[in-house]
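Chain and residue survey
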Amino acid sequence: MLEEIEKIEKETVSPDFADAAALEQFRLTYLSSKGRIQVLMDAFKNLPGVEKKAVGKPLNALKSRLEEVFRVFKEKFSADSGSAQTFDTTLPINASHFGSSHPLKIVENALCDIFYSLGFDIADGPEIEDDRHNFGALNFAEDHPARDMQDTFFIGNHVLRTHTSSVQIREMEKRTPPIRLVMPGRVYRNEAISARSNCFFHQIEGLYIDKDVSFADLKQTLYYFVQQFFGEGTQVRFRSSYFPFTEPSAEMDIWAGTDTEEKRRLTKGTGWLEVLGCGMVHPNVLKACNIDPEVYQGYAFGMGIDRITMLKYGISDIRDLFHNDIRLLSQFSGV
Ligand code: PHE
């Protein structure tokens, strides 16, 4: 018997198993109810007392060692195969650590979606512009005081675009009517920074050029947009205004209300919130882009995305939109 014990000791001196099947083979050979250890155990029972003494110790030691070997390798294989077998790729993942879209992007997307549903395509243009696209082709005369309306940052003989109307020009130069576009993007103005204004902010520009386009079309489109975005029944009003690139020009306000401190502040206590400038594209602008104003007309509008975002989410300081404070941004996950 001692020989058999020694033999098994030798066979199993440095146990290693390629896989779970090899381990199972080991179990069957040595540890199962018909395995070699059990055979020894059975034989042990029938030994005379003196021999028992000599054999008992090494046999027990061998048995425990092999059981330990089995336990360790079984654990190893079940840990390996556990991850492979129980990984269900269809389970929903834990989404709590996802990032979120920035509130400005959420609003920009919502605005684009509404106009897209009306047949407007989406375009963008550069933030560093030349004078022609930001001013000249938009009918700002060289010495026109309107250039002062927009406190411009200059970079050499270029500017940081002061409005997205520059993209109108770029697109009209490239395309032939009918043109139906919305153009979102960041714009820059050298303004004193406060809770209400920042040196950069965001606009979305709209442009429709075709035959027989009227101011009524403009109003109807904007009215539809307001009902979709701000809710059915939202009141609007148009006030006449001035922009060099539109004639006639108007500004549109929506009724935001005066029921919260937030709204009173945003509307300077009037309840009316100015959301956009608009008008019929000036014939000089069409001419500057080689579009014949005798054949085509169009309307344009431009609105600030930041103010709308602040209204929608009750954000009282525009600067909060740009601090990237995770405590604010994380509130928009899943929106
Ligand atoms: N570009 C104007 C602004 O920034 C808005 C506007 C766009 C007005 C298009 C009329 C038409 O204030």
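Residues numbered from 1 in each chain as written. Predicted model: local features only at pLDDT ≥ 70, side-chain atom pairs only at ≥ 80, totals over all residues. Heavy atoms only, no water.

Observations concerning the site of the ligand
The ligand sits among 14 residues. The nearest are H163, S165, R189, Q203 and E205. Within the contact set of the ligand, an oxygen atom lies 2.8 Å away from a side-chain nitrogen or oxygen of R189. For the ligand, the protein covers 92% of the area, taking 330 Å² as the surface of the free molecule. Judged by the fraction of its atoms near the pocket grid, the ligand is located in the largest pocket. (Near = heavy atom within 4 Å. Polar contact = N/O pair within 3.5 Å; in protein donor to acceptor, adjacent residues only side chain to side chain. Areas by Shrake-Rupley, 256 points an atom, 1.4 Å probe, with all protein chains shown as cover. 1 Å grid on protein atoms, 1.4 Å probe; cavity = no way out; pocket = protein on both sides within 12 Å on 5 of 7 lines; lining within 4 Å. Sits in = over half its atoms within 2 Å of the grid points.)

A short note on the packing of helix α5 (residues 103-117) against helix α9 (residues 215-230)
Relative orientation of the contacting elements α5 and α9 amounts to 130°, with a least axis distance of 10 Å. Relative to α9, the element α5 is oriented oblique. α9 is crossed by α5, and the crossing has right-handed handedness. Along its contact with α5, which presents V107, A110, L111, I114, F115 and S117, the element α9 presents T221, Y224, F225, Q228 and F229. For the contact of α5 with α9, a count of residues per class yields eight nonpolar, three polar and no charged. (Axes fitted to C-alpha atoms, helices over the stretch in contact; angles between N-to-C directions. Helix = DSSP H or I, 4+ residues; strand = E, 2+ residues; numbered from the N terminus. Parallel < 35°, antiparallel > 145°, perpendicular 65-115°, else oblique. Left-handed = near helix turned anticlockwise from the far one by under 90°. Contact = heavy atoms within 4.5 Å. Nonpolar A, V, L, I, M, F, W, Y, C, P; charged D, E, K, R; others polar.)

Considerations on the pairing of strand β7 (residues 236-243)
Pairing geometry for β7 and strand β8 (residues 246-255), over seven bridges, is antiparallel. In the sheet register, V236 faces β8, and the bridge partner there is I254. Connecting the antiparallel pair β7 and β8 is a turn made up of two residues. (Pairing = 2+ DSSP bridges.)

Thoughts on the nonpolar core
Grouped together as the largest cluster of nonpolar side chains are 40 residues, with contacts concentrated most on F225, L276, Y299, F301 and M303. Where this core is concerned, the elements lending two or more residues are α5, β6 (200-210), α9, β8, β9 (272-281), β10 (297-304), α12 (305-313) and α13 (326-329). At seven residues, α5 tops the list of elements feeding residues into this core. Non-local contacts of F301, meaning those with residues more than four positions away in its chain, are made with F115, V182, I204, E205, G206, L218, L222, L276, G277 and C278. Of all hydrophobic cores here, the second largest spans 23 residues; its members include A137, V167, I179 and F243. (Core = buried A, V, L, I, M, F, W, Y, C linked by side-chain atoms within 4.5 Å. Buried < 20%, exposed > 50% of the residue type's maximum accessible area, 1.4 Å probe, protein only.)

Section: the packing of aromatic side chains
This model, assessed by the stated rule, comprises 19 aromatic pairs. Ring plane angle 75° and centroid distance 5.5 Å describe the contact between F115 and F120, whose orientation is recorded as edge-to-face. An identical accessibility class is assigned to F115 and F120; each is buried. Measuring from centroid to centroid gives 4.8 Å for Y313 and F332, while their planes differ by 85°, and the two rings are edge-to-face. Taken together, the residues span a long stretch of sequence, with Y313 in helix α12 and F332 in the segment after α13 at a distance of 19 residues. For Y313, a relative accessible area of 25% corresponds to the partly exposed category. (Phe/Tyr/Trp six-rings, centres within 6.5 Å; stacked < 30°, edge-to-face > 60°.)

Observations regarding the pairing of strand β5 (residues 179-188)
Along β5, eight of the 10 residues are buried, which leaves the element largely enclosed by surrounding structure. Summarising the sheet, β5 and β6 pair through 10 bridges and their orientation is antiparallel. Of the residues in β6, the one forming a bridge with Y188 is F200.

Re the sheet that holds β5
With respect to topology, seven strands assemble into an open sheet ordered β1-β5-β6-β10-β9-β8-β7, the strand pairing being mixed. Across the chains shown, the open sheet's two edge strands, defined by having one partner strand only, are β1 (121-122) and β7. Packing against the sheet, α12 makes contact with β6, β8, β9 and β10, and its axis sits at approximately 55° to β10.

Some remarks on the domain arrangement of the protein
Taken domain by domain, the protein holds domain 1 (2-85) and domain 2 (103-332). Its C-alpha centre places domain 1 at a distance of 81 Å from the equivalent point of domain 2. (Domains from an automatic or database assignment.)

What about empty space enclosed by the protein?
Under the criterion given, the structure shown has one cavity of 30 Å³ or more. Contributing to the lining of the largest cavity are A195, R196, E262, R265, L266, M310, I315 and S316. Among the elements that line the lining of the largest cavity, the one with the most residues is helix α10 (residues 261-266), at three residues. Here the residues of the lining of the largest cavity are counted per class, giving four nonpolar, one polar and three charged. (Points joined across faces, edges and corners; volume = space filled by probe spheres on them.)

Some words on the layout of surface pockets
In this model, the largest pocket occupies a volume close to 990 Å³. R189, F201, E251, E274 and R307 are, among the 46 residues lining the largest pocket, the residues nearest its centre. Among the elements of the structure, α8 (165-174), β6, β7, β8, β9, β10 and α12 are those that each provide at least two residues to the lining of the largest pocket. If you tally residues by element for the lining of the largest pocket, the top one is β9, at eight residues. Class assignment for the residues of the lining of the largest pocket results in 18 nonpolar, 16 polar and 12 charged.

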